[in-house]
Structure formats: structure tokens, C-alpha cells
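Tertiary structure, described
This is what each chain is made of:
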Amino acid sequence: MAVVNADIDTQRAFGGVAATYHDSNVENRILRAMRERFWRTVEARVPPGSHLLDLGCGPGTDEEFFAARGYRVTAIDWSLEMTEEARRRVREAGVADRVDIHHLGIQEVDRLAPATFDAACSNFGPLNCVVDLEAAARAIVRRLRPGGVLIASVIGRVCPWELALYFMRRDWARMRVRFSLAPTPVPLESRTVWMRYYSPSSISRIFEAAGFARVELRTLGLFVPPPYMHAFADRHPAFVAVLQRIEDRIGGWPGARSCGDHFLIVLRKTGAGG
Ligand SMILES: C[S@@+](CC[C@H](N)C(=O)[O-])C[C@H]1O[C@@H](n2cnc3c(N)ncnc32)[C@H](O)[C@@H]1O
């Protein structure tokens, strides 16, 4: 499949699920747990009152949470439908005065009105959808104050649950998907999202070249199964709770933190420039 229209395909695919995305996320216990860990990391690293830039905000689930916790949020998303959902959500939650939402791609972050943010965040893989992440990283660093952090949950390359699942199904092509270096087509409902998969070290290299240093890394979804196995998690909640405790305890250890469905990375802007 040609990559020519990758951005447009991805935009259409997310637009198609915008109306249902928040509810299906909230119903999924694995996604809920991942989101809570993302929230906790942001709260631990960025004091309330700070101005956050959310890259790929989706339907505004995190905007509602962060604004209620006292943050100011500027949020962007490449899907118009997602930004409309996000605006509706923050309006209904009564926090619209603390949230600015723009229909922009991460690759277009330079088009935001001049402003410098205390921190940037990106939850559940928007960075994986950016075709030229190297250029985007340079644009993101320019938008942060010196010492500002970027907190991102990124879809990783080595997901043992997924490898085991597709090995049992003898689906070798599916097993290889995350190892492609090029943008890869991934089905979303009846449409296609183009993803680049990253190891923590490859993301670190891209952002270090742009002027960041890595300050924290942990796995999300090494012991706990990936979110699409939510039916399994619903059938075995006690087992998954034990796995979650193990992951919370050792998910930041070397080795463990390099694998998993997602990883959570914190990068700090090192210099004044960008
Ligand atoms: C898996 S969703 C996550 C949404 C949200 N961060 C959350 O936690 O619910 C990925 C989001 O990234 C957005 N996205 C994809 N490519 C993008 C790009 N190049 N720039 C900005 N947003 C993008 C999609 O429209 C979608 O809303």
C-alpha cells in the first residue's frame, strides 16, 4: 500500500471513530489503567497552574481531567471530528475557559500562535502517527520553556503478549508488523492508520537530537496484556490486577522498560534554544 496519503488516511480513520472513542476507552479497564498512570506522571512532573500543550488530544478525555486539576491546556489534534468532540467535552465539563483546542497536526505545531509551554504531553500514540517525527521533535522543543518536559505514551516495538498471541495463530505477518522501520498501515474499523513503531531508545535518539534528555522511562503493557485484549482482562480481573501490581513495581527496571505494548517516556528540554 502506498504511503503517499498517510496523513490523510490517518486523519480519516480517527475522524471515523471520534464519536465513540471516549466511551470505548472508558469501558476498557486496561486503557483506563494506562491513562491513570499517564495522569499520575504528568501530575508528578508538572505543577498545577502550568500551561500544558497536548499533542494529539483526541476527544478531550485528558483535557477534562487536566483542566479540572488546575492546569491550562492548549490541545491540538489532526482530526477535525476529534477536536469537535474535545470542545464539546470540556464545555459540558464546565472547564472550557482553561482549554484551547486547535485543529492542527503535530507536524504543524509551528502554526500555533507564539507561546511557550511549561510542558507538553501526548497520550496513546499520537507521536507514532507523525510521518516526520524528527522535524516535529525540533518544532516541539521550540515550544517549551527551558527545562520544560515532554511526557508521552508511545506504542512500542516488542510486545510479548502480541507476539505470543499471533504466534499461536500462526500469523507471521502480524507478528512482524511492529518491526517495520517504515510507516505501516494498521486497520482502524474499516479505515487505515499509518504508524511508525518505536523502541524507547529510538525515540530517545530522535528527541535527544532535537535538544531533549531522557529523565524517565517505564513500560505500559509488558505484564498487563495490550488494550485490545480487554475481554480477557474482563474474564480474569484478579489475574490482571496481580500483573498490574508487578508492572507497577518493576516496569521501570532496565530490560522491562524497553518492552511492552506502550512505554511512558519523560524527556526534558536541556538548553534554551531549539
Ligand atoms: C489513539 S488516539 C489518542 C487520543 C488522546 N491522546 C487520548 O489519550 O485519548 C490518537 C490521536 O492522535 C491523533 N493524531 C493522529 N495523527 C496526528 C498528527 N499527525 N497530529 C496530531 N494528532 C494526530 C488522532 O486524530 C487521534 O485523536
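Up top you'll find the structure we're talking about.
Residues numbered from 1 in each chain as written. Predicted model: local features only at pLDDT ≥ 70, side-chain atom pairs only at ≥ 80, totals over all residues.

1. Section: the packing of helix H5 (residues 133–142) against helix H8 (residues 200–210)
For the pair H5 and H8, the least separation of the axes is 8 Å and the interaxial angle reads 50 degrees. Judged by the angle between their axes, H5 and H8 are oblique. Where H5 crosses over H8, the handedness of that crossing is right-handed. Counted together, Leu 133, Glu 134, Ala 137, Arg 138 and Val 141 of H5 and Ile 206, Phe 207 and Ala 210 of H8 form the full contact between these two elements. Here the residues of the contact of H5 with H8 sort into six nonpolar, no polar and two charged. (Axes fitted to C-alpha atoms, helices over the stretch in contact; angles between N-to-C directions. Helix = DSSP H or I, 4+ residues; strand = E, 2+ residues; numbered from the N terminus. Parallel < 35°, antiparallel > 145°, perpendicular 65-115°, else oblique. Left-handed = near helix turned anticlockwise from the far one by under 90°. Contact = placed C-beta atoms within 7 Å. Nonpolar A, V, L, I, M, F, W, Y, C, P; charged D, E, K, R; others polar.)

2. Comments concerning the nonpolar core
Side chains that are nonpolar tend, in soluble globular proteins, to be buried together. Counting residues in hydrophobic clusters, the biggest one holds 65 residues, and the most contacted among them are Leu 52 and Ala 120. If one sorts the elements of this core by residue count, strand E5 (residues 144–155) sits on top with seven residues. Those residues in contact with Ala 120 that lie beyond four places of it in its chain are Leu 53, Leu 55, Ile 140, Arg 143, Leu 144 and Leu 150. (Core = buried A, V, L, I, M, F, W, Y, C linked by C-beta atoms within 7 Å. Buried ≥ 20, exposed ≤ 12 C-beta atoms within 10 Å, placed from the backbone.)

3. Here we look at the environment of Glu 63
Structurally, the position occupied by Glu 63 is in helix H3 (residues 61–68). Remark: the alpha-carbon pair of Glu 63 and Leu 267, spanning 204 residues in sequence, is separated by 21 Å. With near-sequence residues (within four places) excluded, Glu 63 lies in contact with Asp 54, Cys 57, Val 73, Ala 75, Ala 86, Arg 89, Val 90 and Val 99.

4. Things to note about unusual backbone geometry
The phi dihedral of Arg 170 is positive, around 60 degrees, even though this residue is not glycine. As for its placement among the helices and strands, Arg 170 is situated in the loop between helix H6 (160–168) and helix H7 (172–176). Phi is positive for Glu 189, close to 50 degrees, though the residue is something other than glycine. Inspection of the secondary structure assignment puts Glu 189 in the loop between strand E6 (184–188) and strand E7 (191–195).

5. Describing the site of the ligand
The local shell around the ligand holds 21 residues, among which Phe 14, Gly 56, Gly 58, Asn 123 and Cys 129 are the closest. Every element with two or more residues in the shell around the ligand is listed here: helix H1 (6–27), H3 and strand E2 (72–77). For the shell around the ligand, the class distribution of residues is 10 nonpolar, nine polar and two charged. (Near = placed C-beta within 6 Å.)

6. Observations regarding the sheet that holds strand E9 (residues 262–269)
With mixed pairing, the seven strands of this open sheet are ordered in space as E3-E2-E1-E4-E5-E9-E8. The open sheet has two free edges, formed respectively by strand E3 (99–103) and strand E8 (212–220), since each of these has just one partner strand. Averaged over all neighbouring strand pairs, the angle between strand axes comes to 15 degrees, with direction disregarded. Pairing between strand E1 (residues 51–55) and strand E4 (residues 117–122): three bridges, direction parallel. Looking at the pairing, Asp 54 lines up with Cys 121 of E4. (Pairing = 2+ DSSP bridges.)

7. Here's the deal with H8
Burial in H8 covers these residues: Pro 200, Ile 203, Phe 207 and Ala 210. On an axial view of H8, the arc spanned by its buried residues comes to 90 degrees, and they lie on one face. Those residues of H8 that are exposed and aimed more than 90 degrees away from the buried face are Ser 201 and Ala 209. Close packing links the buried residues of H8 with H5, E5, E8 and E9. Residue Gly 211 follows H8 closely and has a positive phi angle near 115 degrees. (Arc of directions from axis to C-beta.)

8. Examining the packing of H1 against helix H4 (residues 80–92)
Between H1 and H4, the shortest axis-to-axis distance is 7 Å and the interhelical angle comes to 25 degrees. When the axes of H1 and H4 are compared, the pair comes out roughly parallel. Contact with H1, carried on its side by Phe 14, Gly 15, Ala 18, Ala 19 and His 22, involves Leu 80, Glu 81, Met 82, Glu 85 and Arg 89 of H4 and no other residues of that element. Taken together, the residues that form the contact of H1 with H4 break down as five nonpolar, two polar and three charged.

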